[in-house]
Amino acid sequence: MDLKNWLVQAAAAHDQWAEGFGPFTRHPVTQVDEGRFAAAFAELTERLAGDNPYFHPRYAGQMQKPPHPAAVAGYLATMLNNPNNHALDGGPATARMEREVVADLATMFGFDTHLGHLTSSGTIANLEALFVARETHPGRGVAYSAESHYTHPRMCHVLGMPAHQVPVDGQGRMDLTALEDLLAKAKIGTVVLTAGTTSLGAVDPIDEALSLKERYGVRIHVDAAYGGFHRLLAEPAGPWQAIARCDSVVVDPHKHGLQPYGCGAVLFADPAVGRFYLHDSPYTYFTSDELHPGEISLECSRSGAAAAALWLTLRLFPLTRDGLGEVLAASRRAALDLATRIDQCAPLTLYQWPTLDIVTYFAGTELAAIDTNSNRILHEGMAHPADPVFLSTLRVTADAMTARHPNIAADTDGGRILRSVLMKPESEYHTEQLHTRLVTLAS
Ligand SMILES: *Cc1c(COP(=O)(O)O)cnc(C)c1O
């Protein structure tokens, strides 16, 4: 796997195609001389040197990792022409690739029928899902768990929909008894369930919640922005299979789908929801009677290169257990291995057993001290000149802590614990080293 060679191939493929259109004169106004470029580029690389090494297993912090080199090559090859997936005229090749990858995602989730598109992020994808929910259930509110992504209350605010937070159980999953109490008394039109919470990777009991659809006439939207591709590892029954019977789902290829940022997706089970997007544009839609992506999306300009990058990636890592599933399985093994190591010896304590590949842990026996330790370990880890380690912290309430660890003294309302998202397969080879490092920092 040779990224530089692939990038050269990508640029060459573009040049070869472009030459077919014949020579033309480049305008001097955009010409930059080599020396000036080199100087400005040197400044850029100097600025970038201050970044965190998301690619390296010593980065075990947030949900960040580089795209696969194939995605980079696919993106570059396409970006050089810069198609716009708003319309078939703006990106005929990439708009069709988008349709294919969206169909692949729908198949992964088990949707028999679908309407969907790529978005620039999970946030926009969730906004679209809630927008459609507002149209199908006018005047009704949205229920989401206390551990759901902050985008849900925020987007309810944007959309003017009443927002209701539902408490979680001792593992960070939505408490369905509390949800049902709420459905019985409040005017709720949509329940948002999370398949892989951002904080803990907890998966709401989607299978058990399905019956509420008929009983209360609610829509169920699944926010699988982070966890969605874990569907490839799922047991034959359970919450992941149940997504097939929900109304909409969001997944972020720029998280576990090996893509660069700028790639989310929203899928609706009922293609008829496309009617809510209807609009007429005087500028576009000239060449084709086929549905343009822009007719079923709230965003106008969208990167055709993002669709091409995902398309190329899925040629190499299809959405199967043996394809992209292998990549997720390695991350999952890394998380289980680190969790086991933490669980087996002092001074660290596992906060809860990981459901996906997010490991949470702490050092100390009183919440105030746990908070101080987390902050110290985070900063000392990052600042170490020879052997840095990059973690993240997660604020938990005293109630959430004592629900899991009754013997921890709740001497404050809440505090920070440590969190490592092990989403790179390389982490699998690094857990012993990472654990040793964490023990040293905590001692
Ligand atoms: C990351 C995430 C989002 C937001 O997606 P962006 O792509 O960051 O906008 C929403 N929900 C969940 C569960 C997430 O993990």
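Since the structure is predicted, the reported quantities are computational estimates derived from the model, not experimental observations.

**Digging into the overall build of the chain**
Helix and strand counts for the chain stand at 16 helices and 11 strands. Against the globule reference of 22 Å for 443 residues, the chain gives a C-alpha radius of gyration of 24 Å, in line with a compact fold. Expressed as a percentage of the 443 residues in the chain, the buried residues total 50%. Considering only contacts in the chain between residues 6 or more positions apart, those separated by 24 or more positions represent 72%. Roughly 20600 Å² of accessible area belongs to the chain as shown, and the carbon and sulfur atoms make up 54% of that amount. Across the chain, the mean location of the 34 positive side-chain charges is 2 Å away from that of the 49 negative side-chain charges.

**Details of the UniProt feature "modified residue: N6-(pyridoxal phosphate)lysine" (unreviewed entry) in the chain**
The positions that UniProt labels "modified residue: N6-(pyridoxal phosphate)lysine" (unreviewed entry) are, in the present scheme, Lys255. Residue placement: lysine 255 occurs in helix H11 (residues 253–256). Among the residues examined, lysine 255 registers a relative accessible area of 15% and is labelled buried. Discounting residues that sit within four places of it in the chain, lysine 255 has contacts with Met63, Lys65, Ala225, Tyr226 and Met423.

**With respect to the sheet that holds strand E8 (residues 348–352)**
The strand order across the open sheet formed by 4 strands is E8-E9-E11-E10, and the pairing between neighbours is antiparallel. Only two strands of the sheet have a single partner each, and these edge strands are E8 and strand E10 (392–397). When strand polarity is set aside, the average angle formed by the axes of neighbouring strands in this sheet is 45°. Sheet topology places strand E9 (residues 358–363) next to strand E11 (residues 414–421); 4 bridges connect them, and they run antiparallel. Paired with valine 359 across the bridge in E11 is serine 420.

**A word on the site of the ligand**
The ligand sits among 13 residues. The nearest are Thr123, Asp223, Asp252, His254 and Lys255. Contacts to the ligand include histidine 254, whose side-chain N or O atom sits 2.8 Å from an oxygen atom. Isolated, the ligand exposes 380 Å² of accessible area, and the fraction of that covered by the protein chains is 88%. No other element matches helix H5 (residues 122–136), which puts 3 residues into the shell around the ligand. A per-class count over the shell around the ligand returns 2 nonpolar, 8 polar and 3 charged.

Rules behind the numbers
Along each chain, residues carry numbers from 1 onward, in the same order as the chain's sequence is written. Local features are withheld for residues below a pLDDT of 70 in this predicted model, meaning they are given only at 70 or higher, and side-chain atom pairs are given and counted only at 80 or more; totals for whole chains, interfaces and linings count all residues. Only hydrogens and water are set aside when side-chain values are computed; all heavy atoms of the structure are taken into account. In this description a helix means any DSSP run of H or I spanning at least four residues, a strand means any run of E spanning at least two, and both kinds are numbered starting from the N terminus. Radius of gyration means the value over C-alpha atoms here, while the globule rule gives 2.2 Å times the residue count to the 0.38 power. Any residue under 20% of the maximum accessible area for its type is buried, any over 50% is exposed, and the rest in between are partly exposed; the area is computed with a 1.4 Å probe on protein chains only. The contact rule is simple, with two residues in contact once any of their heavy atoms fall within 4.5 Å. Only the protein chains shown count as covering a residue, and every accessible area follows the Shrake-Rupley method with a 1.4 Å probe. Working convention for charge: Lys and Arg count positive, Asp and Glu count negative, and His plus the chain ends are omitted. Every charge is mapped to an atom, namely NZ of Lys, CZ of Arg, CG of Asp or CD of Glu. UniProt positions are given in the numbering used here, feature names are shortened, and annotations may be inferred rather than shown by experiment. Here, any two strands with at least 2 DSSP bridges between them count as paired. Convention adopted: a line fitted to C-alpha atoms gives each axis, helices being fitted over their contacting stretch, and angles between N-to-C directions are expressed from 0 to 180 degrees. Here, proximity means that at least one heavy atom of the residue falls within 4 Å of the molecule or strand. Under the rule applied, a polar contact is a pair of N or O atoms within 3.5 Å (in protein, one hydrogen donor and one hydrogen acceptor; residues adjacent in sequence only if both atoms are side-chain atoms). Any residue outside Ala, Val, Leu, Ile, Met, Phe, Trp, Tyr, Cys, Pro, Asp, Glu, Lys and Arg is labelled polar, Gly included; the first ten of those are nonpolar and the last four are charged.

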